[in-house]
Amino acid sequence: MDTINNDLTNLLEQMGVHQESLDVTQRIIIIAGILIIAFVADYFCRKIVVPAIKKLTARTQASWDDYLFNDAVLNNMCHLIPPIILYVLLPFAFPHEPVTLTFILKLCWVYITAVAMKLICSFLTSLYTISSEHEKLKNHPLKGVYQMVKLIVICVGVIIIVSTLIDKDPVNILTGLGASAAILMLVFKDTIMGLVAGVQLSANDMLRPGDWITMPKYGADGTVIEVTLTTVKVRNWDNTITTVPPYALVSDSFQNWRGMRESGGRRVKRAINIDMNTVRFCTPEQMAEFEKKVWMSGFERTGKEEVNLYVFRHYLEYYLCHNPRVNTELILMVRQLQPTPQGLPIELYFFSANKDWIPYERLQAEVFDHLLAVLPEFGLRVFQSPSGLDVLAFSSH
């Protein structure tokens, strides 16, 4: 450093600079040179290095490098170059003024720390984008983990900045923060509980973005769209958004329909009440007519006379087994439930092959439309509470 200053002093004296203004002129030249070097380095990075990196990543078939070296990461890297150059070269401009030099270096170090925090956060954002598109990681709620790492980076950066400004060792500041751990835990209670809950949800594979969950306590019934440190966002079927604390999903119970989506079908369990007054033995003529039907194949006789309700249940089983939209590899049955004052319930229990909501509801409606239409052929009738028209018709007689 002294050699450079002496050489510059000799050069200025040879150029005829007066002794009184020699120090000021020398300092101005050095500062100007440092600023020019910083500007050239910044220009070189932005105009040559960054475009070269973008061209290189665009030529590769992999997509992870496009996210890893995106505009935010590259811009923050460029922002780091000038202050680092200033931090290294400024001692040449202030060799005999330690107070001024220390103040300027502190400002440079604070700026370097802040930009480094932004760079690391943007890098973590790129990593989250890459992991969210990875086949094995995209179904895990990793956003909360990345948010927690960002929070740690910011806290460490703030501690370094504060320690730089007040000339204290960062370890001493951490020791002071340790004494106030109870207050910090109270302030960051939701964040800490959210992090623990997020780890549990991820480790136990309890929840993934895209899962359909039901949680009546919080009015949540829809698809999980985001899992963060403090909230789980659920888009309900009416397009409203419900936010649920992550720790509530661990401490309380909720229903996840992912198992249904990953299985072979969606369950249909619905009953219809039969008027018990219409249950009777089939006549020989009825049985002769039934035996001409294709659906009587495989019919197991119970005796000399068959009950019309038993034949009807056999018909429903045949109808469901031959419905292409019903998954016959899962449980399929037509069963009789406990009689009630409202009639005899006949329950259909089967699985729809299509698990989407609209085709599922459409299949249910078509099956029961057919059931209601075919009942009279077996001499059966649905039990139905009398309406006002029924009362009027009865009174007219």
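Residues numbered from 1 in each chain as written. Predicted model: local features only at pLDDT ≥ 70, side-chain atom pairs only at ≥ 80, totals over all residues. Heavy atoms only, no water.

With respect to the secondary-structure elements, L86 resides in helix α4 (residues 71-93). Residues L86 and W109, spaced 23 residues apart in sequence, show a C-alpha to C-alpha distance of 9.8 Å. Discounting residues that sit within four places of it in the chain, L86 has contacts with I34, L35, A38 and C108. (Helix = DSSP H or I, 4+ residues; strand = E, 2+ residues; numbered from the N terminus. Contact = heavy atoms within 4.5 Å.)

On to the sheet that holds strand β7 (residues 333-336). The strands making up a sheet associate through hydrogen bonds between their backbones, and the pairing can be parallel or antiparallel. Spatial strand order, β6-β8-β7: three strands in an open sheet with antiparallel pairing. A strand with exactly one partner marks an edge of an open sheet, and here the two such strands are β6 (266-274) and β7. Neighbouring strand axes in the sheet, compared pairwise and without regard to direction, differ in orientation by 20° on average. Here β6 runs beside strand β8 (residues 344-352); their pairing, made up of nine bridges, is antiparallel. Across the sheet, I272 pairs through a bridge with I346, a residue of β8. Contacts from helix α14 (residues 357-374) reach β6 and β8 within the one sheet, and its direction differs from that of β6 by about 25°. (Pairing = 2+ DSSP bridges. Axes fitted to C-alpha atoms, helices over the stretch in contact; angles between N-to-C directions.)

With that settled, consider the packing of α4 against helix α5 (residues 98-133). One can describe the packing of α4 onto α5 by two numbers: an axis separation of 9 Å at closest approach and a directional angle of 160°. The orientation of α4 with respect to α5, classified from their angle, is roughly antiparallel. You can see that α4 and α5 cross each other, and the crossing is left-handed. Classifying every residue of the contact of α4 with α5 gives 21 nonpolar, four polar and one charged. (Parallel < 35°, antiparallel > 145°, perpendicular 65-115°, else oblique. Left-handed = near helix turned anticlockwise from the far one by under 90°. Nonpolar A, V, L, I, M, F, W, Y, C, P; charged D, E, K, R; others polar.)

Further remarks concern the layout of surface pockets. Counted as a void, the second largest pocket has a volume near 230 Å³. Around the second largest pocket, the lining residues are Q255, W257, M260, S263, G265, R266, R267, K269, F351, Y360 and E361. Per element, the largest residue contribution to the lining of the second largest pocket is three residues, and it comes from β6. In terms of residue class, the lining of the second largest pocket is built from four nonpolar, three polar and four charged. When residues of the lining of the second largest pocket are sorted by domain, at least three fall in each of domain 2 (202-260) and domain 3 (264-382). (1 Å grid on protein atoms, 1.4 Å probe; cavity = no way out; pocket = protein on both sides within 12 Å on 5 of 7 lines; lining within 4 Å. Points joined across faces, edges and corners; volume = space filled by probe spheres on them. Domains from an automatic or database assignment.)

This brings us to a nonpolar patch on the surface. A grouping of I183, M185, V187, F188, I192 and V196 is seen on the molecular surface, where their side chains present a nonpolar patch of about 550 Å² in accessible area. Put simply, the parts of the chain that give the nonpolar patch at least two residues each are α8 (181-187) and α9 (189-203). Ranked by residues supplied to the nonpolar patch, first place goes to α8 with three residues. Mapping I192 onto the fold places it in helix α9. (Patch = residues over 30% accessible without salt bridge, like charges linked within 9 Å, V, L, I, M, F, W, Y side chains within 5 Å. Areas by Shrake-Rupley, 256 points an atom, 1.4 Å probe, with all protein chains shown as cover. Salt bridge = Lys/Arg side-chain N within 4 Å of Asp/Glu carboxyl O.)

It is worth spelling out the packing of α5 against helix α6 (residues 143-166) at this point. Packing of α5 against α6 leaves a shortest axis separation of 10 Å and a crossing angle of 175°. Viewed along their axes, α5 and α6 adopt a mutual orientation that is roughly antiparallel. The class makeup of the residues in the contact of α5 with α6 is 17 nonpolar, five polar and three charged.

A negative phi angle characterises most non-glycine residues, just as the trans form characterises most peptide bonds. Despite not being glycine, D167 shows a phi value in the positive range, around 55°. Within the fold, D167 resides in the loop between α6 and α7 (170-179). Given the relative accessible area of 57%, D167 is considered exposed. Here the phi dihedral of N239 falls at roughly 70°; this positive angle occurs in a residue that is not glycine. Positionally, N239 belongs in the loop between β3 (232-236) and β4 (241-244). For N239, a relative accessible area of 57% puts it in the exposed group. (Buried < 20%, exposed > 50% of the residue type's maximum accessible area, 1.4 Å probe, protein only.)

Our next topic: the side chain of T242. Secondary-structure assignment places T242 in strand β4. A polar contact is formed between the side chain of T242 and the backbone oxygen of G219, at a distance of 3.4 Å. Within the local environment of T242, its side chain forms a polar contact with the side chain of N236, the two groups lying 2.7 Å apart. If near-sequence neighbours (up to four positions away) are discounted, T242 is found in contact with Y218, G219, A220, V232, K233, V234 and N236. (Polar contact = N/O pair within 3.5 Å; in protein donor to acceptor, adjacent residues only side chain to side chain.)

With that settled, the discussion passes to the UniProt feature "transmembrane region" (unreviewed entry) in the protein. Annotation from UniProt places "transmembrane region" (unreviewed entry) at residues 28-46, 67-89, 109-128, 148-166 and 172-188. End C-alpha atoms of residues 67-89 are separated by 34 Å, and the span's content is 91% helix alongside 0% strand. What you have in residues 109-128 is 100% helix and 0% strand, and the ends, taken at the C-alpha atoms, are 28 Å apart. (UniProt positions renumbered as here; feature names shortened; annotations may be inferred.)

Once that is clear, we can look at the nonpolar core. Counting 31 residues, the largest nonpolar core has F290, V311, F312, L348, F350, L371 and F378 as its most contacted members. Secondary structure elements with two or more residues in this core: β6, α12 (284-290), α13 (308-321), β8 and α14. Apart from residues lying up to four places away in sequence, F312 is in contact with L371, V374, L375, F378 and L380. Counting residues in hydrophobic clusters, the runner-up holds 13 residues, among them M215, A220, V224 and V227. (Core = buried A, V, L, I, M, F, W, Y, C linked by side-chain atoms within 4.5 Å.)

Along the chain, E347 turns up in strand β8. Judged by relative accessible area, which is 6%, E347 ranks as buried. Side-chain polar atoms of E347 contact the side chain of R335, separated by 2.6 Å.

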